[in-house]
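Fold and geometry: a report
Given next are the chains, with one letter for each unit.
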Amino acid sequence: MPGCQPAGVIQQAGKREERGRKLDDINIFSYLCKDMKRTTILLFVALAALVGCGTGGRSGAGSPEEAAQAYVDSALHYIDGGDLVSALVQLRQAEKLLPRLDNAKTQYQICQYTGWILENTGANSKALGYMERALSYARRYGKPEYMVDVYINQANTLYNMGLNDSAWRVNLRAAEFFTQADQGQKSVILKNIAYYELLHDSLPEAEHHAYRAAMMAQDSSALGNAISLLSTIYTRQNKPQQASLLSNIAQQEKAHRMQLRMQAEYDKQVILRRQAEEKLYFSIAIIALLLVIFALTLWYYRRTQALYRRYRTRVAAIKADTLGWLSRKDATIGEMKRQIDAKTREVQQLSQQLPAQLQGDEMASSIAETKLGVDVLYAILTEDNISQYGKQEQKAVTEVMKTIDRELAYLIDNPDYALTPKETFFCIMERNGKTDAQKARSFCCSEQAVRSTKSRLSKKIDIEGIRPKAPL
């Protein structure tokens with residue numbers, strides 16, 4: 001007896017300069033590597049999101065219920081495509097999860113579809129075992145139409161095994177739910193009744209039931225089976241005209257089914273081609289995106305490299321100009337301060353054109369340190385309040401004095417004397433001929449305190465040896 005598809009099986013320059021250039025390239029390259037790393041991470045996140053969208057967002061099931069349902073859905077997809085072997089592989093994976101499942105519907109589907117595939121591949125005995133398990137899950141789920149599906153498949157399997165009486169009894173159980181069954185199930189029940197009656201020569205009854213089966217058929221396969229059975233009955237009744245007519249209808253129906261299968265296969269191939277084209281376009285888009293990112297990165301690298309080189313060249317020129325001003329004997333401290341302030345602002349403007357990671361390099365820091373030293377020296381010589389200045393200001397002004405007054409710089413920078421910030425500032429004031437009253441105003445203290453400082457300092461160095469020179 002030919003098998004029927006179960007109801008519901010559907011869907012789914014100099015060395016120093018050269019070293020400087022190399023360091024520049026390393027700094028830029030290091031920055032760009034960090035930037036490209038962030039860009040790459042963001043790109044792959046975007047690609048993952050796009051791939052997730054392109055695959056329908058299925059990234060694997062979480063719970064056993066979700067995993068089992070995913071395997072069942074995949075099996076139905078293979079069944080629709082006629083690939084029963086792959087469908088069975090999916091169902092075997094789902095079967096491993098049966099002990100962990102609580103959903104009777106999913107359990108029923110696993111066993112029902114496995115049994116149906118085994119029936120259609122000739123493993124009838126194994127098929128019956130799975131159908132019996134499917135029946136128990138269908139009873140627990142409580143849907144009569146699910147039980148009818150199992151009974152129909154059991155009857156078909158028993159007919160295939162030649163156990164006609166057993167098949168008849170199972171079909172009668174399905175008939176008990178006739179009023180609750182759908183049209184397709186009713187058609188198969190009636191066809192099985194007609195087939196059994198044909199085997200027992202109850203031809204009028206067989207004709208009646210086969211005719212009703214044909215009228216209730218919901219798909220071309222069920223209709224073809226019913227017509228073929230009806231044609232056989234007419235032949236047995238010696239009604240050659242009706243048998244010939246139904247035979248022609250059956251042939252036409254068979255041709256129609258073949259045409260439908262061919263159309264379905266064509267539609268499937270069209271869908272597969274469209275999917276392949278979509279994947280191709282998607283791949284091309286990703287490659288184009290990567291090329292654009294690479295081109296932009298390369299352009300950005302070259303642009304940043306050029307900016308950084310111009311910045312380094314200009315900062316080097318500014319530093320040399322600053323040192324020239326500091327070494328001029330005719331320059332006043334006010335002129336020095338105005339020049340260093342202007343140069344510092346220029347360096348800041350140049351630095352703002354660079355990425356944040358490349359700002360504040362060693363040369364810029366050196367100019368900032370020089371500016372601090374000049375500011376401290378200006379405050380000392382103009383009798384501003386320097387009482388809060390500490391070691392940072394001491395270091396900065398000492399470095400500046402190495403260019404302006406090397407003799408004094410050697411004295412105040414000598415580690416053997418270990419001068420405090422206040423003592424260093426005192427020496428600079430003494431060198432520039434400041435009186436005790438002027439010193440007291442700068443330190444915000446009394447003249448007596450200044451004299452005490454001078455007394456302590458005289459124990460470290462020769463104060464009298466610091467002769468005043470022409471003031472800045």
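What comes next concerns the included structure. For every chain, the first residue of the written sequence is number 1, and numbering continues from 1 along that sequence. Only residues with pLDDT of 70 or above have their local features reported here, since the model is predicted, and side-chain atom pairs are shown and tallied only from 80 upward, although totals for entire chains, interfaces and linings are computed over all residues. Side-chain metrics rest on all non-hydrogen atoms present in the structure, leaving aside hydrogens and water.

**Overview of the packing of aromatic side chains**
Paired rings are identified among Phe, Tyr and Trp, the last through its six-membered ring, by centres lying within 6.5 Å, and are further divided according to the angle between planes into stacked (under 30 degrees), edge-to-face (over 60) and tilted (the rest). A complete count under the given rule lists six aromatic pairs for this structure. Taken together, a centroid distance of 4.3 Å and an interplanar angle of 15° make the contact between Trp 168 and Tyr 196 stacked. Residue Trp 168 is found in helix H7 (residues 164–175), and its partner Tyr 196 is found in helix H8 (residues 183–199); the two are separated by 28 residues along the sequence. Taking 6.0 Å as the distance between ring centres and 20° as the angle between the ring planes, the aromatic pair formed by Tyr 308 and Tyr 311 counts as stacked. Of this pair, Tyr 308 and Tyr 311 both sit in helix H11 (residues 240–327), three residues apart, which is roughly one turn of that helix. Pair check on accessibility: Tyr 308 and Tyr 311 agree, each one buried. Among the aromatic residues, those joined into a cluster by ring pairs are Tyr 108, Tyr 141 and Tyr 146. One Lys or Arg, Lys 422, reaches over the ring of Phe 443 and ends 5.3 Å from the middle of that ring. The numbering of helices and of strands both runs from the N terminus, where a helix is a DSSP run of H or I of at least 4 residues and a strand a run of E of at least 2. Each residue's exposure class comes from its accessible area (1.4 Å probe, protein chains only) as a fraction of the maximum for that residue type: buried when under 20%, exposed when over 50%, partly exposed otherwise. Only when the NZ atom of a Lys or the CZ atom of an Arg is both within 6 Å of the ring centre and within 35 degrees of the ring normal do we say a charge sits over the ring.

**A look at the pattern of salt bridges**
As a working rule, side chains carrying opposite charge can pair if their charged atoms are close by. A carboxyl oxygen of Asp or Glu within 4 Å of a side-chain nitrogen of Lys or Arg is what we treat as a salt bridge. Evaluated as defined, the whole model comprises 21 salt bridges. Note that Lys 337 is salt-bridged to Asp 375, the shortest N-O span being 2.8 Å. Separated by 38 residues along the polypeptide, Lys 337 in helix H12 (residues 333–352) and Asp 375 in helix H13 (residues 362–381) bring together distant segments of the chain. For Arg 441, the salt bridge goes to Glu 383, with nearest N and O atoms at 3.0 Å. Residue Arg 441 is located in helix H17 (residues 436–443), and its partner Glu 383 is located in the loop between H13 and helix H14 (391–404); the two are separated by 58 residues in the primary sequence. A single network of salt bridges, built from pairs that share partners, joins Lys 337, Asp 341, Lys 371 and Asp 375.

**A few points about the nonpolar core**
Here, nonpolar core means buried Ala, Val, Leu, Ile, Met, Phe, Trp, Tyr and Cys residues that are tied together by side-chain atoms lying within 4.5 Å of each other. Core analysis: the largest hydrophobic core is formed by 55 residues, its most contacted members being Tyr 108, Ile 110, Ile 117, Tyr 151 and Leu 229. Here this core gets nine residues from one element, more than from any other, and that element is helix H6 (residues 144–160). Discounting residues that sit within four places of it in the chain, Ile 110 has contacts with Ala 68, Val 72, Leu 91, Ala 94, Glu 95, Leu 98 and Leu 101. Core analysis: the second largest hydrophobic core is formed by 34 residues, Ala 331, Ala 379, Ala 409 and Met 429 among them. Between two residues, a contact is recorded if the distance between any of their heavy atoms is within 4.5 Å.

**What to know about the environment of Glu 399**
Summarising the element assignment, Glu 399 is placed in helix H14. Here Lys 402 takes part through its side chain, which lies 3.0 Å from a polar atom of the side chain of Glu 399. Pairing of N or O atoms within 3.5 Å defines a polar contact, subject to two protein rules: one partner must be a possible hydrogen donor and the other a possible acceptor, and residues neighboring in sequence count only if both atoms are side-chain atoms.

**So, the environment of Gln 448**
Position of Gln 448 relative to the elements: it lies in helix H18 (residues 447–458). Distance in space between the C-alpha atoms of Gln 448 and Asp 436 is 8.7 Å, their sequence separation being twelve residues.

Everything listed is a geometric property; what it means functionally is a separate question.
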